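Structural description and commentary
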Amino acid sequence: MEKIRDAILSGDLSAVGGLDVPDHYRAVTVHADEVEMFAGLPTPDKDPRKSLHVEDVATPELGPGEALVAVMASAINYNTVWTSIFEPLDTFGFLRRYGKTSELAKRHDLPYHVVGSDLAGVVLRTGPGVGAWKPGDEVVAHCLSVELEHPDGHNDTMLDPEQRIWGFETNFGGLAELALVKSNQLMPKPAHLTWEEAASPGLVNSTAYRQLVSRNGAAMKQGDTVLIWGASGGLGSYATQFALNGGATPVCVVSSPAKAEICRRMGAELIIDRSAEDYKFWSDENTQNPREWKRLGAKIRELTGGEDPDIVFEHPGRETFGASVYVTKRGGTIVTCASTSGFMHQYDNRYLWMHLKRIVGSHFANYREASEANRLIAKGKIHPTLSKVYPMEETGQAAYDVHRNAHQGKVGVLCLAPSEGLGVRDEEMRAKHINAINNFRGV
Ligand SMILES: NC(=O)c1ccc[n+]([C@@H]2O[C@H](COP(=O)([O-])OP(=O)(O)OC[C@H]3O[C@@H](n4cnc5c(N)ncnc54)[C@H](OP(=O)(O)O)[C@@H]3O)[C@@H](O)[C@H]2O)c1
């Protein structure tokens, strides 16, 4: 592994394909025999630092259409938080089911799960049938794993019945020194970014792009007003940039003055601090308070000069969904990709049907959407939102920060990269965007 790291650090990328691939590597895992370790504890008390391990695992065999990547850096996504607290299900069920689908997929069904759904690194080996990528290529990987053996996914690969999120529903994820991906997950690494910056947008940037911009999501257009929950978080920090970049007006909801400041740094002007406003959308566990929905709606109108959101960018779920449906403009769209606070939503359907609103479900992104989102990063039109970086040994702490909502934007993890700041190939372009790249640092 040292030789691979040295070749990459010295820039001798053509040599990388000639180096031996080690038969084991360091990786962040959860263990199948520990899935009950938090049984009975409330969700906030389940501690990723106890369940995430950093250990040596065996290098998987490389199959057709696949690539082995030397991972320089990765990032924490909320799916790694879910995996590490074994909620809503432990991920070994995904691996068992995947393992039953083919001889090759059996590799994924192991008593440990190497997690992580983002990476920036260098291709080490490609399997039979791979033509578009070769050893030595500097890449990032999106996390859509598809088989495409059925007709269903051929208009939109997210509809493939064998669609999985790599590093969550498959093994051999990106929080590791090596990762196994399908070659159609690979995309060029943006040349002006460091390894850790390049690794951080992937999953959330692609998801926010489909959810907000793509015709498969809310198809945002110029002039739209977009209410963005968690606007300085993983998804929200990209949704805010897409809204600003696409001529829409974001109304950013955050929970502290520091997070509001980050939104201002991105260029947003309309900001709601939900903690300061102290919204109580639920009077008790089973009853919502429509007066509080109205109070949010009035605040939005106060900021926008009387306009309601054409689009509400939803992911908190149960806590906010009733309010989101209420405040959306007549004929507008609530687009949802998650339910962080609970997946059994309640809303007053009269506001949906009488006002001809639509609820659209969205999940990750197809290769085309992920590649369009990555291209925007590579062109310097959208920027990474990295706030803090941990070494791989401290991945448990990094996931703990995200679980506690104590982070801003994205939290990075160094894998083979020995320190931050390496891997930049286009210094001139970097200099042009350096302030925007650092917007989330040190807040
Ligand atoms: N379907 C997909 O493809 C997909 C992809 C990515 C993520 N997700 C899911 O989307 C969710 C968010 O992911 P993320 O990466 O953006 O996480 P994140 O970085 O933690 O950001 C989420 C933000 O939402 C806000 N929030 C949390 N709980 C809230 C509540 N009860 N009410 C209002 N706002 C709340 C918080 O911001 P404030 O405290 O500042 O308000 C938080 O920073 C997770 O559940 C994740 O699993 C789904």
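Just above sits the structure.
First, a word on scope: everything that follows refers to the structure included in this document. (Residues numbered from 1 in each chain as written. Predicted model: local features only at pLDDT ≥ 70, side-chain atom pairs only at ≥ 80, totals over all residues. Heavy atoms only, no water.)

**Concerning the side chain of Ser51**
- Along the polypeptide, Ser51 turns up in helix 2 (residues 48-51).
- Ignoring any residue separated from it by four or fewer positions in sequence, one finds Ser51 in contact with Thr29, Val30, Glu34, Met37, Phe38, Ser84 and Phe86. (Helix = DSSP H or I, 4+ residues; strand = E, 2+ residues; numbered from the N terminus. Contact = heavy atoms within 4.5 Å.)

**With respect to the packing of aromatic side chains**
- For the structure shown, the criterion picks out 10 aromatic pairs.
- Centroid distance Phe94 to Phe168: 5.4 Å. Interplanar angle 55°. Geometry classified as tilted. Placement of Phe94 in helix 4 (residues 92-99) and of Phe168 in the loop between strand 8 (164-165) and strand 9 (178-182) is noted, with a sequence separation of 74 residues between them.
- Take Phe168: its relative accessible area is 16%, and that puts it in the buried class.
- Look at Tyr209 and Phe242: their rings are 5.6 Å apart centre to centre, the planes differ by 70°, and that puts the pair in the edge-to-face class. One end of the pair, Tyr209, is in helix 6 (residues 202-213); the other, Phe242, is in helix 7 (residues 234-245), with 33 residues separating them in the sequence. (Phe/Tyr/Trp six-rings, centres within 6.5 Å; stacked < 30°, edge-to-face > 60°. Buried < 20%, exposed > 50% of the residue type's maximum accessible area, 1.4 Å probe, protein only.)

**Quick notes on helix 3 (residues 78-85)**
- Counting buried positions over the 8 residues of helix 3 gives 6, a clear majority of the element.
- Where helix 3 is concerned, the buried positions are Asn79, Thr80, Val81, Thr83, Ser84 and Ile85.
- Looking at the buried residues of helix 3, the elements they touch are strand 1 (24-31), helix 2, strand 4 (112-114), strand 8, helix 6 and helix 14 (395-403).
- A positive backbone phi angle near 60° is found at Phe86, which sits one or two residues after helix 3.

**Observations regarding the sheet that holds strand 1**
- The 3 strands lie next to each other as 2-1-4, forming an open sheet whose pairing is antiparallel. The sheet is open, and its two edges are formed by strand 2 (53-58) and strand 4, each paired on a single side. Here the strands of the sheet are splayed against their neighbours by 60° on average, with no regard to which way each runs.
- Bridge count between strand 1 and strand 2: 6 bridges; the pairing is antiparallel. (Pairing = 2+ DSSP bridges. Axes fitted to C-alpha atoms, helices over the stretch in contact; angles between N-to-C directions.)

**Considerations on the environment of His24**
- Secondary-structure assignment places His24 in strand 1.
- Judged by its relative accessible area of 40%, His24 falls in the partly exposed class.
- Spatially, the C-alpha atoms of His24 and Pro60 are 8.6 Å apart, while their sequence positions differ by 36 residues.
- Not counting chain neighbours up to four residues away, the residues in contact with His24 comprise Met1, Asp56, Val57, Ala58 and Thr59.

**Notes on the pattern of salt bridges**
- For the structure shown, the criterion picks out 26 salt bridges.
- Between Glu393 and Arg26 there is a salt bridge, with its nearest N and O atoms 3.6 Å apart. Taken together, the positions of Glu393 in the loop between strand 19 (386-391) and helix 14 and Arg26 in strand 1 put the pair 367 residues apart, joining distant regions of the chain.
- For Arg26, a relative accessible area of 30% translates into the label partly exposed. (Salt bridge = Lys/Arg side-chain N within 4 Å of Asp/Glu carboxyl O.)

**A few points about the packing of helix 3 against helix 14**
- Taken N-terminus to C-terminus, the directions of helix 3 and helix 14 make an angle of 105°; their axes are 9 Å apart at the nearest point. When the axes of helix 3 and helix 14 are compared, the pair comes out roughly perpendicular. Contacts from Tyr78, Val81 and Ile85 in helix 3 reach Ala399, Val402 and His403 in helix 14. (Parallel < 35°, antiparallel > 145°, perpendicular 65-115°, else oblique.)

**Some points on the nonpolar core**
- Counting residues in hydrophobic clusters, the biggest one holds 111 residues, and the most contacted among them are Ile8, Leu119 and Leu186.
- Excluding anything up to four places from it in sequence, Leu119 contacts Val69, Val71, Ala73, Ser74, Val139, Val140, Ala141, Trp166, Gly174, Ala179, Val181 and Ala199.
- Counting residues in hydrophobic clusters, the runner-up holds 15 residues, among them Ile272, Phe281, Trp282 and Ile300. (Core = buried A, V, L, I, M, F, W, Y, C linked by side-chain atoms within 4.5 Å.)

**As for the site of the ligand**
- Every one of the 26 residues lining the ligand counts as a neighbour, but Ser255, Arg274, Thr340, Phe364 and His407 are closest to it.
- In this structure, Phe364 approaches the ligand through a main-chain N or O atom, which is 2.8 Å from an oxygen atom.
- Take His407: an N or O atom from its side chain is 2.7 Å from an oxygen atom of the ligand.
- When the free accessible area of the ligand is taken as 900 Å², the share hidden by the protein chains comes to 90%.
- Among the secondary structure elements, those contributing two or more residues to the shell around the ligand are helix 3, helix 6, helix 7 and helix 11 (318-327). (Near = heavy atom within 4 Å. Polar contact = N/O pair within 3.5 Å; in protein donor to acceptor, adjacent residues only side chain to side chain. Areas by Shrake-Rupley, 256 points an atom, 1.4 Å probe, with all protein chains shown as cover.)

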